[in-house]
Amino acid sequence: MEPLLIYKALSNETRSQIMLWLKDPSEYFDEKPYLAQNINFKVGVCVGDIQAKAGLAQSVISGYLLTMQKAGLLESERIGKWTYYRRNEKTIQEFSEYIKKKL
């Protein structure tokens, strides 16, 4: 875990919002299309759905997701031609402990 990368990743409002959306995807996204493909939100949320919710260009969202993944906040899984993102709860917990102990 690199705290400075995490701080940087969370310093953008949209990236912070994405983390909130991915905390409880069923509150922010429709799971029915996932279930029709025999997958669910445990796999993650498709980049296209995140992009549509954010209302930003796909290239911008892809850059944001890559930044968060490099910081260790997200994990990704590719299924077919789609990439799905989910939170990396282990890193989030480590960062939380770091904040408690160091700040």
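Up top is the structure these notes are about.
1. Here's the deal with a nonpolar patch on the surface
Part 1: Residues L4, Y7 and L103 make up a contiguous nonpolar surface patch of about 370 Å² in total accessible area.
Part 2: Inspection of the secondary structure puts Y7 in helix α1 (residues 3–10).

2. Concerning helix α2 (residues 13–23)
Part 1: Along α2, the residues that are buried comprise R15, I18, M19, W21 and L22. Seen from one end, α2 has its buried residues packed into an arc of 160°, which puts them on one side. Looking at α2, the residues exposed on the side facing more than 90 degrees away from the buried face are E13 and K23.
Part 2: For α2, the N-terminal cap is N12; the gap from its side-chain oxygen to the backbone nitrogen of T14 is 2.8 Å.

3. Focus on the packing of aromatic side chains
Part 1: Applying the stated criterion to the full structure yields five aromatic pairs.
Part 2: Ring geometry for Y7 and F95: centres 5.3 Å apart, planes at 75°, overall edge-to-face. One end of the pair, Y7, is in helix α1; the other, F95, is in helix α7 (residues 89–102), and 88 residues separate them in sequence.
Part 3: By relative accessible area, Y7 is classed as partly exposed at 33%.
Part 4: Taking relative accessible area as the criterion, F95 reaches 11% and is therefore assigned buried.

4. Structural notes on α7
Part 1: End to end, α7 covers 20 Å across 14 residues, agreeing with the expected 20 Å (1.5 Å per residue, within 8%).
Part 2: Every buried residue of α7 is listed here: T91, I92 and F95. Looking straight down α7, one finds that the buried residues subtend no more than 100° of arc, so they occupy a single side. Turned more than 90 degrees from where α7 packs its buried face, K90, K100 and K101 sit exposed.
Part 3: Contact partners of the buried residues in α7: α1, α2 and β3 (82–87).

5. Brief notes about the sheet that holds strand β1 (residues 45–46)
Part 1: Strand order in the open sheet made by the three strands is β1-β3-β2, with antiparallel pairing throughout. What marks the edges here is a single partner per strand, and that holds for β1 and β2 (74–79).
Part 2: Here β1 runs beside β3; their pairing, made up of two bridges, is antiparallel. In the strand pairing of β3, C46 is matched with Y84.
Part 3: Packing of helix α6 (residues 58–70) onto the sheet brings it into contact with β2 and β3, and relative to β2 it is tilted by some 120°.

Rules used throughout
Residues numbered from 1 in each chain as written. Predicted model: local features only at pLDDT ≥ 70, side-chain atom pairs only at ≥ 80, totals over all residues. Heavy atoms only, no water. Patch = residues over 30% accessible without salt bridge, like charges linked within 9 Å, V, L, I, M, F, W, Y side chains within 5 Å. Areas by Shrake-Rupley, 256 points an atom, 1.4 Å probe, with all protein chains shown as cover. Salt bridge = Lys/Arg side-chain N within 4 Å of Asp/Glu carboxyl O. Helix = DSSP H or I, 4+ residues; strand = E, 2+ residues; numbered from the N terminus. Buried < 20%, exposed > 50% of the residue type's maximum accessible area, 1.4 Å probe, protein only. Arc of directions from axis to C-beta. Polar contact = N/O pair within 3.5 Å; in protein donor to acceptor, adjacent residues only side chain to side chain. Phe/Tyr/Trp six-rings, centres within 6.5 Å; stacked < 30°, edge-to-face > 60°. Expected span 1.5 Å × (residues − 1). Contact = heavy atoms within 4.5 Å. Pairing = 2+ DSSP bridges. Axes fitted to C-alpha atoms, helices over the stretch in contact; angles between N-to-C directions.

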